[in-house]
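Now for the letters of each chain:
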Amino acid sequence: METKYNFTKIIIPLDKERPYQKESYVFISENPEKYHTVVYVIQGSGAVRPGQWSRALCINESLDEGSIFPYLQDFEKRGWGCVVFNPNDAIDFVGGRFSTYNSVNYVHRQVVIPRFTSMRNLLIVAHSAGGVRTVDLMRSDSATLARSICAVAFTDSVHGLAYGHSARDDPASLCLYSNAIHFKCSSLPLSKYIGARDGCSCVSAGTVKHEWSSCCAKEAVIEFFERRVREREEEREGEEGEEREEGEGEEEREKKKAEKRERWVAQLDPTQPMTLEEMEFRREYEKKKEEEGKSSKQKEGEEEGEEEEEKEIEEKEKEEKEKEEKEKEKEKVNGEKDYLRVLAEWERKNGRRGGKERKRVVNEEEREKEKEGDDEEADDEEEERLQKRRQFLKSKMLEAISRMNQASDEQSSSSSSSTSSSDSSSSSSDKETTSSGPSSVPPSLLEELSQLHISSEDYELLPPIVGEIVMVMPEKKDDLLKLYKIFNEMQEKKKSE
């Protein structure tokens, strides 16, 4: 401690006039007056001495697991001062004994405060029974600690403390509610939230063994301390740099404070361990954001609904106007036709012939009726013609496939009879190559296909015809594709000519 980490050993008690039969000691960082952030390290009860979390781990494992040295290295990197307590070493004097609880309070008042004159951020890591001594310290000097305490990390502490309505008047409860996290032994992963107990938020220490809790939770404890120190410094810098206007009331200051707190809560990582106060602030913040999101969505929905209603009204008005105009035109035309028809009927009954205009209107109506009938007949004839053309093309394609298969069979039989002089291995490979792939197209078939008068309209009918044949005869897919390719080549040749 003294040689490697440059700690100073302080013999207590400091009052040498009183006769003591047994003295004790603590360790503090060298040049204590320069540190703004100071860490109290308070171990558990028993035979452990300053610098030890567990004697068993120091003996059976190593100093990295059983001692506070890894913590001291992290404190030194961050420029934090440190006080290593020795609460298990009681002080005997003539006529009585100095209890271990009084030892922690005595070191805080008589050793730390006079020497660490620049301290403004106090951090405490307490293991096992060290948590009980920490709570007692908070009750004995709540006024001083309330201004300086920044974060408290218990590692499987055995302290008991009420929280909630029954603890409103307890200074220790109020301090832990805002600043403490208890890293308890649990089978859950490190920093996983367990619940609220013993006056603070409880998370997993990453181990189920009591003596391993301080070692396993070190990284999470250091991250918690760093975050709290950073937040405290930012808050202090904001207060120091803020230029308040004259006449600024208490309400305005509270409003600014609430805005700062909301910005701070928004930056909290929900996956990291938080104090009960931080968790409450986070819940309020999320609830507020959720309500704001609902209200914004509701406003957007109302605006969209209003826009849609306006569009619907405009479309309806437009449709009604168009409908009215069409009805007016229709009434005008029908009125003229009815007038001329009635007039022609009256003249016919009275032995008089209608004028040229009346005859023209009647003839136009008759021609329109005849034209509609002719169009329907023409559509039927066109459909019947296309159907016949499909049947013709389909029959030609089936005939072509049949001839292709026949020619392929003849070619394979002739090639098998003429391969007697080749090796057995080469003949087998040749047979495999000739038997695989689509059937060959005989020249006579190509000549017949070229004589077919295939129009551009017929080429549009070919794809569905090929699909119909493939669905019925899927084994002829390759032959159909080859035949379809031949038709495409013929079409390209015609276009180029």
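Scroll up to find the structure this text is about.
Being a predicted model, the structure only gives us computed values, none of them experimental.

Cut-offs and rules
- Residues numbered from 1 in each chain as written.
- Predicted model: local features only at pLDDT ≥ 70, side-chain atom pairs only at ≥ 80, totals over all residues.
- Heavy atoms only, no water.
- Helix = DSSP H or I, 4+ residues; strand = E, 2+ residues; numbered from the N terminus.
- Buried < 20%, exposed > 50% of the residue type's maximum accessible area, 1.4 Å probe, protein only.
- Contact = heavy atoms within 4.5 Å.
- Pairing = 2+ DSSP bridges.
- Axes fitted to C-alpha atoms, helices over the stretch in contact; angles between N-to-C directions.
- Salt bridge = Lys/Arg side-chain N within 4 Å of Asp/Glu carboxyl O.
- Polar contact = N/O pair within 3.5 Å; in protein donor to acceptor, adjacent residues only side chain to side chain.
- Core = buried A, V, L, I, M, F, W, Y, C linked by side-chain atoms within 4.5 Å.
- Expected span 1.5 Å × (residues − 1).
- Arc of directions from axis to C-beta.
- Disulfide = S-S within 2.5 Å.
- Phe/Tyr/Trp six-rings, centres within 6.5 Å; stacked < 30°, edge-to-face > 60°.
- Lys NZ or Arg CZ within 6 Å of the ring centre and 35° of its normal.

Caption draft 1: Region of interest: the overall build of the chain. Secondary structure summary: the chain contains 16 helices and 12 strands in total. The buried share among the 497 residues of the chain stands at 36%. Across the chain, the fraction of contacts at a sequence separation of at least 24, relative to all contacts at a separation of at least 6, is 70%.

Caption draft 2: Structural context of the sheet that holds strand 10 (residues 180-184). The nine strands are arranged 1-3-5-4-8-9-10-12-11 in an open sheet whose pairing can be described as mixed. Here the strands that pair on one side only, and so sit at the sheet edges, are strand 1 (7-12) and strand 11 (193-197). Strand-to-strand twist across the sheet, computed as the mean angle between neighbouring axes with direction ignored, equals 20°. Strand direction decides the pairing type here: strand 11 and strand 12 (residues 200-204), joined by four bridges, are antiparallel. Residue A196 lies in a different strand from strand 12, and its bridge partner there is S201.

Caption draft 3: The arrangement of the pattern of salt bridges in detail. In total, this model carries eight salt bridges according to the counting rule given. Between E226 and R78 there is a salt bridge, and its shortest N-O distance comes to 2.8 Å. One end of the pair, E226, is in helix 9 (residues 218-241); the other, R78, is in the loop between helix 3 (69-77) and strand 5 (81-84), and 148 residues separate them in sequence. You can call R78 partly exposed: its relative accessible area is 31%. Between R385 and E382 there is a salt bridge, and its shortest N-O distance comes to 2.6 Å. In this pair, R385 and E382 are both assigned in helix 12 (residues 356-417), three residues apart and thus about one turn of the helix distant.

Caption draft 4: Up close: the pairing of strand 8 (residues 121-127). Buried residues dominate strand 8, accounting for seven of its seven residues. Relative to strand 8, strand 4 (residues 37-42) is paired through six bridges, and the arrangement is parallel. Each bridged residue has a counterpart across the sheet, and for V39 the counterpart in strand 8 is L123. Across six bridges, the pairing between strand 8 and strand 9 (residues 149-155) is parallel. Note that in strand 9 the partner of H127 across the bridge is T155.

Caption draft 5: Up close: the side chain of S29. With respect to the secondary-structure elements, S29 resides in strand 3 (residues 24-29). The buried category is assigned to S29, whose relative accessible area is 6%. There is a polar contact of 2.7 Å between the side chain of S29 and the backbone nitrogen of C82.

Caption draft 6: Fine view of the nonpolar core. Core analysis: the largest hydrophobic core is formed by 33 residues, its most contacted members being Y40 and V83. Within the residue set of this core, elements represented by two or more residues are strand 1, strand 3, strand 4, helix 4 (100-115), strand 8, helix 5 (130-140), strand 9 and helix 7 (171-179). If we skip the residues at most four places from it in the chain, Y40 touches V83, F85, H108, V112, L122, L123, I124, V125 and L137.

Caption draft 7: Structural detail: helix 16 (residues 477-496). Along its 20 residues, helix 16 runs 29 Å from first to last C-alpha, staying within 8% of the 28 Å computed at 1.5 Å per residue. Along helix 16, the positions that sit buried rather than exposed are D479, L480, L483, I486, F487, M490 and Q491. Each buried residue of helix 16 lies within a common arc of 135° when the element is viewed along its axis, so the set occupies one face. Looking at helix 16, the residues exposed on the side facing more than 90 degrees away from the buried face are K485, K495 and S496.

Caption draft 8: Spatial organisation of the state of the cysteines. Scanning the entire structure with this criterion turns up zero disulfides. The thiol sulfur of C202 is not disulfide-bonded, and the nearest other cysteine sulfur, from C200, lies at 4.9 Å. Residue C202 is classed as buried on the basis of its relative accessible area of 2%. Just so you know, C216 is unpaired, no disulfide at all, and the nearest cysteine sulfur is the one on C215, 5.0 Å from it.

Caption draft 9: Structural context of the pairing of strand 3. Judged by how many residues are buried, strand 3 sits mostly within the fold: five of six residues are covered. Across six bridges, strand 1 lies against strand 3 in antiparallel orientation. Note on strand 3: the bridge partner recorded for I12 is S24. As judged from the two bridges shared by strand 3 and strand 5, these two strands associate in the antiparallel manner. By the bridge assignment for strand 5, F27 is matched with V84.

Caption draft 10: Quick look at the packing of aromatic side chains. Counting across every chain of the model gives seven aromatic pairs. Relative to F27, the ring of Y25 lies with its centre 5.6 Å away and its plane at 80°, an arrangement referred to as edge-to-face. Plain terms: the ring middles of W53 and Y71 are 5.5 Å apart, the flat faces sit at 70° to each other, and that makes the pair edge-to-face. Taken together, the residues span a long stretch of sequence, with W53 in the loop between strand 4 and helix 1 (55-60) and Y71 in helix 3 at a distance of 18 residues. Side by side, W53 and Y71 carry an identical accessibility label, which is buried. An aromatic cluster is built from W53, Y71, F75 and W80, whose rings are joined through pairwise contacts. Sitting above the plane of the Y25 ring, K9 keeps its charged end 4.3 Å from the centroid.

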